[in-house]
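Below are the chains, spelled out letter by letter.
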Amino acid sequence: MRSLVMSLRYLPPATDTGLERTPSSGVSRRALLTATAVGASAAGAVLGAAPAVADPSVTGGETRVVDVPLAESPLLEVDGAEVRDLPEQPATMVGVTWPAETDAPTVHARGVDADGNWTPWLELETAEDPGTGEDAPGTEVAWVGVVSALQIRVELDGSDVSTEMVAHIVTTSSAPNDDQVDQLSGEDATTTQSQQMRTMAATAATNPATPRLGPGMPGFVSRAAWGADESLVRGTSGTNAVKAVIIHHTAGSNSYTRSQSAQILRGILSYHTRTLGWADVGYNILVDKYGQIFEGRSGGLHRNITGAHAYGFNTGSFGISVMGNYSSVAAPYAARTAVARLVAWKLLTTFQTSVWSTASWTPGSGTRFTPGKRISLATMMGHRDVNYTECPGMSLFRQFDDIRGRAQGYIDNGWKEHLWAFQGAGGAAKLGTVVRSNHRTGSYDATILTKGLILQEGSGKAYGYASPMALQWRSAWGRPTGSARTSGSTTVQSFQNGSAIKTGSSVQFHDSRFSDVPPGMMFREEIEELAARGITTGWPDGTYRPLAPIQRDAMVAFVYRALGSPAFTPPKRSPFTDMPPGRMYYKEITWAHAEGITTGWNDGSFRPTASIERGAVAAFLYRASGQPSSGTSNSFSDVPSNHQFAREITWLASTGISTGWPDGTFRPLEPIARDAMAAFMIRWMEHRGL
């Protein structure tokens, strides 16, 4: 979904010269977003006008942000208070920022709804700077509903202080798939997680996608399914343990429909990244009032991703935010149930069995506590427990014991096979803490810990293994077959398919699957993993032939297998003149044609045995990823922005799948050898969460 930011008050002309792809400065860096405004209308209140309740130029899931300096808007007196009037400003959400070092004002907003009536005044909560823990020079963004005009009240000590403020008017729109999110999450969900997998990974760009998760995780709407614009996102990071779940509310109006939840989330993403300058959505996961669950901050729900939701406690916590304002209204049963299930899942998959327990923290400055003093806090708590805020609202806060009771019930009756394996192998003393909770990788359901592994295949029994190589383990290694042995600075551990050797922080894996891929060979580990995943079998004589060019038909077959060999009925009539039905890889190649991954040559041929060039490999992988947003400017000296595959090669480099050659070239016309292809494929699969 596209997300646009404009620095002008009114909608843009047909040209895109007024669009900004990134804000000139973010409020998280304590700077006011400056904007140039055209003359403002002097019109007064709009109650008598027929409301235009939708901006027809914002469609198809697009999110538009218009920055409006409030000094340019008329100042009216309404009910004894001074307000800024924006009489012809369509919107669905709004936030306000102010200059650095200015005291945080009290901000309210309201709009004209579809019936021509003013909505209730909404207080916009002051955002928290994730870098300092202090008030950011701006509010959170709030949903006001679909409105045709706005009024904004900005006060400090009862007086208007709006002159130096900037309103950020967010207009979201419905996307074609928004009506289908209830099939992915909630009590009536009909689409399983495995059915959603390809969509989940399709648009991931900067951070890894969530893989298929183990039992106990309730159905959720992935970032791809709710339309996250991954081009807005910067890199996120994870930590080695989760100690608490922190509950929030987003504030804003509670008047939204089931299908509007996705566009609210798209608005939050745009505002958090473009206006506040954050790396991504601040929360790890969000729940709407209907109980629908939405994947939040990217990087993988199985990882302990550090959020931007509770200063001083972001590292080591998991942030859940309920969409709406629950200061004076209780959270609905469906929302509480979804939160309870999420709390139970996160705790149980990190091997914590009591929601009533506590954990130790040593906070720094900027929180509610004395810096450097160790404290004990609940495993499930609210934002207000750690920072100076009303979040998650008093009404929701008073429902915490109900949520804890439900969560404990889910834990007590939950799936525990990995927990039992963890306990049987010696628990935290032997295996450490959970870094990546139960997820599918290769043929395994795996839990990765700081000092060990829990591995399970299919319906078989789960087993725990101590391993100093746990964080580097890959499914291609198989299970550990012995304990680690250390001699000097080198540690060796045997696995089913070879041995892992750790020297310092470097780990290498060696086996003898192919006679021509000896230990120490470049890309050996990637070749072995590709074989372990069943994507390549090598040649009948036991060789892999790493330096031989890979053919076009084999490349398509590898991509097809990597995506799980999707069900497909090949056509009776071939789309290519040189690919008759019955030929090897006919199914895979016609599948790739049907998916738009390959179009063949202009003469109608596919040329299956021709060597595939590096540029074409970039195109295949880019298209197989859903053609995510990408520019055409890159650092390769031989790939100008007008190159046939400039966009695809730029994307390949931006994801880290390819770094090119040491001389700064990419060599797009050069055939790719089978060893380099293996490296491309493994990096691509890791990026996609496959």
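Here the structure is a predicted model, which is why all the values come from computation and not from measurement. (Residues numbered from 1 in each chain as written. Predicted model: local features only at pLDDT ≥ 70, side-chain atom pairs only at ≥ 80, totals over all residues. Heavy atoms only, no water.)

## Side note on the overall build of the protein chain
From N to C terminus, the protein chain includes 14 helices and 29 strands. Per-residue burial for the protein chain yields a buried fraction of 55% across its 690 residues. For the protein chain, contacts bridging at least 24 residues in sequence account for 68% of all contacts bridging at least 6. Counting only carbon and sulfur atoms, one obtains 49% of the accessible surface of the protein chain, whose full area is about 27,200 Å². (Helix = DSSP H or I, 4+ residues; strand = E, 2+ residues; numbered from the N terminus. Buried < 20%, exposed > 50% of the residue type's maximum accessible area, 1.4 Å probe, protein only. Contact = heavy atoms within 4.5 Å. Areas by Shrake-Rupley, 256 points an atom, 1.4 Å probe, with all protein chains shown as cover.)

## So, helix α4 (residues 333-349)
Between the first and last C-alpha of α4 there are 24 Å, a value that for 17 residues agrees with the 24 Å anticipated at 1.5 Å per step. Burial runs high along α4: 14 of the 17 residues are buried. Phi turns positive, to about 65°, at phenylalanine 351, one or two residues after α4. (Expected span 1.5 Å × (residues − 1).)

## Description of the pattern of salt bridges
Under the counting rule described, the total for this entry stands at 17 salt bridges. Here aspartate 402 and arginine 406 are joined by a salt bridge, their closest N and O atoms 3.0 Å apart. You can see aspartate 402 and its partner arginine 406 sitting in helix α6 (residues 400-412), four residues apart, about one turn around the helix. Because the salt bridges share partners, they merge into one network encompassing Arg474, Glu525, Glu529, Arg533 and Glu686. (Salt bridge = Lys/Arg side-chain N within 4 Å of Asp/Glu carboxyl O.)

## Some thoughts on the nonpolar core
Ile247, Ile320 and Val343 are the most contacted members of the largest nonpolar core, which totals 69 residues. The element best represented in this core is α4, accounting for 10 residues. Among all residues touching isoleucine 247, those that are not within four sequence positions of it are Ile320, Val339, Val343, Met380, Met381, Gly382, His383, Pro392, Leu396 and Phe400. With 53 residues, the next largest nonpolar core counts Leu563, Tyr585, Ala646 and Met681 among its residues. (Core = buried A, V, L, I, M, F, W, Y, C linked by side-chain atoms within 4.5 Å.)

## Observations concerning the pairing of strand β7 (residues 106-111)
Walk down a regular strand and you will see the side chains alternate between the two sheet faces. Burial analysis of β7 places five of its six residues in the buried class, which makes it a mostly covered element. In the sheet, β7 pairs with strand β12 (residues 150-156) via six bridges, with the strands oriented antiparallel. Opposite valine 107, over in β12, you have valine 154 as the bridge partner. With three bridges joining them, β7 and strand β8 (residues 122-124) adopt antiparallel strand pairing. Opposite histidine 108, over in β8, you have glutamate 123 as the bridge partner. (Pairing = 2+ DSSP bridges.)

## As for the confidence of the model for the protein chain
Atomic detail in the predicted coordinates should be set aside for any region of low pLDDT. Here the protein chain averages 85 in pLDDT, while 88% of its residues score no lower than 70. Per-residue pLDDT stays below 50 along residues 5-54; that stretch engages in 120 contacts with residues further than four places along the chain or on separate chains. Low pLDDT, under 50, characterises residues 197-204; the predicted model gives this stretch 31 contacts beyond four residues in sequence or across chains. (pLDDT = per-residue confidence, 0-100.)

## A look at the packing of aromatic side chains
Per the counting criterion, the structure on display carries 15 aromatic pairs. Look at phenylalanine 313 and phenylalanine 369: their rings are 6.1 Å apart centre to centre, the planes differ by 75°, and that puts the pair in the edge-to-face class. Linking phenylalanine 313 in the loop between β17 (293-295) and β18 (317-322) with phenylalanine 369 in the loop between β19 (358-361) and β20 (375-378), this pair joins segments that are 56 residues apart in sequence. On the basis of relative accessible area, phenylalanine 369 is assigned to the partly exposed category, the value being 22%. Judged by centre distance (5.1 Å) and plane angle (70°), the ring pair of tyrosine 560 and tryptophan 591 falls under edge-to-face. (Phe/Tyr/Trp six-rings, centres within 6.5 Å; stacked < 30°, edge-to-face > 60°.)

## A look at the packing of helix α12 (residues 614-624) against helix α14 (residues 674-688)
Look at α12 against α14: their axes get within 12 Å of each other, and the N-to-C directions meet at 20°. Taken together, the axis directions place α12 and α14 in an arrangement best described as roughly parallel. Between α12 and α14 the crossing geometry is right-handed. Contact with α12, carried on its side by Arg614, Val617, Leu621 and Ala624, involves Phe680, Met681, Trp684 and Arg688 of α14 and no other residues of that element. (Axes fitted to C-alpha atoms, helices over the stretch in contact; angles between N-to-C directions. Parallel < 35°, antiparallel > 145°, perpendicular 65-115°, else oblique. Left-handed = near helix turned anticlockwise from the far one by under 90°.)

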